[in-house]
Structure formats: structure tokens, C-alpha cells
Amino acid sequence: MFTHFIEVARRRPRSTLFPSTTLFRSALDWLLPGALLGLTAMVRPEYLLISLVLIGVMTVICRSRGFGPVLASGGLMLVALLLVITPWMTRNLDQSGRLVPLSTGGGQTLFTGSYLASAGDPLGGMPGVLAHHPRLCRRHPAQNAARGGGPRPVNPERGSAPVPAERMPGVPADLALARIGRENYLRALREDPAGLLGYFAGKSARIWWRGRTDLTGTAAGRAFHMSLVAGALVGLLLLAFRRRPEFWLIFALAAGVTVIGAVFVASPRRTLAFWPVIACLTGLGFSLAFRLARDAVANRLRPVPIA
Amino acid sequence: MQVLKSYFTRYGRGAMIALAVIVCAGFLVRAWVVVNPLADPGDDALAYRALAEALYVDGTFGYEKGSSGGPEFKTPSDWSPGAPLIYAGAY
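Per-chain numbering applies: the sequence of each chain, read as written, is numbered from 1 onward. Note on labels: chains are lettered from A, ligands numbered from 1, in written order. Selection of residues for local features in this predicted model requires a pLDDT of at least 70, selection of side-chain atom pairs for listing and counting requires 80 or more, and totals for whole chains, interfaces and linings are taken over all residues.

1. Observations concerning the overall build of chain A
Filter applied, for reference: Numbering goes from the N terminus for both helices and strands, where a helix is a DSSP run of H or I of at least four residues and a strand is a run of E of at least two. Every C-beta atom is placed from the backbone, and the number of other C-beta atoms within 10 Å of a residue's own sets its class: buried at 20 or more, exposed at 12 or fewer, partly exposed in between. A residue pair is marked as a contact if its C-beta atoms, positioned from the backbone, fall within 7 Å.
Helix and strand counts for chain A come out as 15 helices and zero strands. The 307 residues of chain A split such that 33% are buried. Across chain A, contacts joining residues at least 24 apart in sequence account for 69% of those joining residues at least 6 apart.

2. A closer look at the nonpolar core
For the record, the criterion: Any nonpolar core is a set of buried residues, restricted to Ala, Val, Leu, Ile, Met, Phe, Trp, Tyr and Cys, that join up through C-beta atoms within 7 Å.
With 47 residues, the main nonpolar core has Leu54, Met58, Leu177, Ile250 and Leu253 of chain A as its most contacted residues. Setting aside residues no more than four positions away along its own chain, leucine 54 of chain A makes contact with Leu37, Leu249, Ala252 and Leu253 of chain A. Among the nonpolar cores identified, the runner-up in size contains nine residues, and Ala47, Leu51, Phe73 and Trp79 of chain B belong to it.

3. Section: the packing of helix H3 (residues 43–57) of chain B against helix H4 (residues 82–89) of chain B
Residue and element names in this part refer to chain B. Here is the rule we go by: Note on geometry: axes are lines fitted to C-alpha atoms, helical ones only across the stretch in contact, with angles between N-to-C directions running from 0 to 180 degrees. The sense of a crossing depends on the near helix, which, turned anticlockwise from the far helix by less than a right angle, makes the crossing left-handed and, turned clockwise, makes it right-handed. Three categories are distinguished: nonpolar for Ala, Val, Leu, Ile, Met, Phe, Trp, Tyr, Cys and Pro, charged for Asp, Glu, Lys and Arg, and polar for the others, with Gly belonging to the last.
Relative to each other, H3 and H4 sit at 65°, their axes nearing to 8 Å. Crossing handedness for the pair H3 and H4: right-handed. In contact with Tyr48, Arg49, Leu51, Ala52, Leu55 and Tyr56 of H3, H4 contributes Ala83, Pro84, Leu85, Tyr87 and Ala88. Residues belonging to the contact of H3 with H4 are distributed by class as follows: 10 nonpolar, no polar and one charged.

4. Let's talk about the domain arrangement of chain A
Filter applied, for reference: Throughout, the edges of the domains are those of an automatic or database domain assignment.
The assigned domain composition of chain A is domain 1 (1–103), domain 2 (104–191) and domain 3 (200–295). Residue classes in the side of domain 2 of chain A that touches domain 3 of chain A are distributed as three nonpolar, four polar and no charged.

5. Thoughts on the domain arrangement of chain B
Taken domain by domain, chain B consists of domain 1 (1–36) and domain 2 (39–91). The gap between the C-alpha centroids of domain 1 of chain B and domain 2 of chain B is 31 Å.

6. Examining helix H2 (residues 13–35) of chain B
Using the following cut-off: One fewer than the residue count of a helix, multiplied by 1.5 Å, yields its expected span.
If you check H2 of chain B, its first and last C-alpha atoms are 33 Å apart, about what 23 residues at 1.5 Å a residue would give, namely 33 Å. Burial analysis of H2 of chain B places just zero of its 23 residues in the buried class, a small minority of the element.

7. Re the environment of tryptophan 248 of chain A
Residues and elements named next belong to chain A. Position of tryptophan 248 relative to the elements: it lies in helix H14 (residues 244–263). For the pair tryptophan 248 and serine 26, spaced 222 residues apart in sequence, the C-alpha separation works out to 22 Å. If we skip the residues at most four places from it in the chain, tryptophan 248 touches Val57 and Ile61.

8. Observations regarding the packing of helix H3 (residues 47–61) of chain A against H14 of chain A
Residue and element names in this part refer to chain A. Rule in force here: Each angle is binned into one of four classes, with values under 35 degrees roughly parallel, values over 145 roughly antiparallel, values of 65 to 115 roughly perpendicular, and all other values oblique.
The geometry of H3 relative to H14 is characterised by a closest axis approach of 10 Å and an angle of 155° between their N-to-C directions. Taken together, the axis directions place H3 and H14 in an arrangement best described as roughly antiparallel. For the crossing formed where H3 meets H14, the hand is right-handed. The residues of H14 that touch H3, namely those facing Leu49, Ile50, Val53, Leu54, Val57, Met58 and Ile61, are Pro245, Trp248, Leu249, Ala252, Leu253, Gly256, Val257 and Ile260. In terms of residue class, the contact of H3 with H14 is made up of 14 nonpolar, one polar and no charged.

Written as C-alpha cells, this is what we have:
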């Protein structure tokens, strides 16, 4: 998806020798990435927001093509995206009576993500939640058995289940949790803005430097993960110097993922759909490092002229 | 075919073969995990599995009340719709 997206941003406008065919193909150039963004959002709902950011960046990158064509292109992408997600949006409207674009999980993740005592680790706050709600502990074994899981404790989302009914009775759970999450952030902003900034920074770092614990739990796994991300950073810098349109698109994607991770639950899954791009950037970064090292060795071995 | 040829010309045969190998390796790793699932997956994984199973067995997004396929899934709308669709394909 990302390669097609970037290709469309870089491509010159198609020739107008055969207007009808060209018009169809030009439309397809924008409809396809829009539909692919919609499909991505269906898998990871947070990418709906990121898709809107990407469409905005794309229209800015292509602004030299003229106001009308750029507006039409952005509109086509938006239409394609909406076409993909509208059936599910309609189903949600039927079931809940509310306009929910993809899922109602956002409230939970905002609530969990705004728990500053967790220091950015969504599981870190669980002991405190369980201590305040001992009946949750009693409920877990039965819930885990029903889901076919082991005796491990619950994830934070399930831990937050009784909160809405206690604090905002009558309000749908996801809306109540979203409101409480917003209140938590606003309170932190008023009382300790520096602390909140540090909290966001810690969470942003968490989604990039900490991979999946089962894969990066060991020192070697962690080192491997960190070298991949460091290589990707170098690759991104290289793009900034050599391929500016690609840089802005990928940077917008990375920034969007980071902001969402900082505000909601800081899970490495936020970067999941982005990993193919990270892998490409890592390749670029390592390739640059290899070339620099090779040139440095070649320069050292080159005979120095003696006057 | 023309598109493939242009990719071969642009990026070279070696790069395209390396890409194909990476894609195949990625697919094989995922297929292996489908056949040999984790013994104790995380809570989210269990939820996605339950949704995918319900899609495959009952054709519903989460088992509904009274379903013989499995226990009722209380809050299916909390989960993304696309992932269970993909996982249901693995069944």
C-alpha cells in the first residue's frame, strides 16, 4: 500500500492524449490508495486518523498540480476510504444507535493510556486497579476459562470494565471511559504539565524501543530490535536529504503513530502496520552505514602523495 | 505481465527475487504459527480468536446469546472488524 501511495505522490500527472482512459487511470491512482487505507483502518482502527493525516500531507505534496486537481484527488481518496468502512459504520449505527466509525475500543485505550501512575506501561497500572477492585480478581479465573486462556491476569481493558458503571452510570461504557480519560489528561495538564510531557515522551519511546516482549525479552532480542529502529531512523534522515516527498509521507505516518501511542495505550502494536516501511528504512540506513564504512576504509588504504 | 517486466527492469532480478524470498518466508512463519499456536496467548489474541471462530462457525461477529458454538461475546464492537476477518480465513 505504502509503495503505491508514494509512487502516486512522485508521479507526474498523466498525459492528456487520451482523455477518457487517462481520466479513469488517474482516478484509479487515487481511489486505490484510499481503498487500501480504508482496509488498513479496518484492521487497526487508529489508522483511520492517520489516513486522514496522510491524505492531507499527500495533497500538500501534490499542490503544484493545481488546486482543483489536488482537491479532486484528495476527495477521491476520501471517498474510496469511506466506501470501504461505511458498511461497518452502518452496522455499528444499527447496533448502538451511535455513529461509531470502526470500533468502540478507543474509550478503553484512552482511559488506560491516561492512567499516569502506570508510567506508560499499560500493565504497570494493573496491580493498583486490582487492589481497588478485589472482586475483579475473583472474576478473572472464570472469564479466562471462558475465553480459553490460562490463569494469567487480565489486560487493562478488562480491568477497566466496572469503572463506567461506577462513575458514570447510564452512559455507554466507551463514551464514559473516553470522558474519564480526557478528564485525566486535562487534570494532569493543569496540575503538572511538565510531568505530562515526560509521560507522553516515555510512552512515545515505548512504542518504538520496546518490541513484543516474547520476541525482544532477551538482551539479544532487544539489541536486535533497537538496531532495526536505529537503522530506520538513519534511513529516514537519508530520505529527508535525498527524497523529500517520500520523507514527508513516511514522517507523517511515523508522527501519527507516535502521537496515537502517546495519547492512547502505548502498545508496540501501534507500529504494526508500519513495520514493512520500517524494514525498508532500516535497509536504507544499514546500506548507508555500509557505504560510509567502505568509503572510510578505501580512503584510509589510498596512498597519500608525498610532496 | 508488463508491470512485472517493468519492475524487473527497474529494480533488477536480484532485488525482486530477494523480495519474493522475504515475502514467502514471512508467509511461511505465519502459516507455521497458525498450525502451531501459542499455548497461552494474550488476552487480545483470545478475543480475536473468539471473533474469528464465531465468524467461521456462526457467521456472526462474536457468538451471540444462546449460540451452540461458544460462550456469548459481550462487547464485540470493541474490536477491529478487519483482523477477525483475516484470521477467520486461517480456519
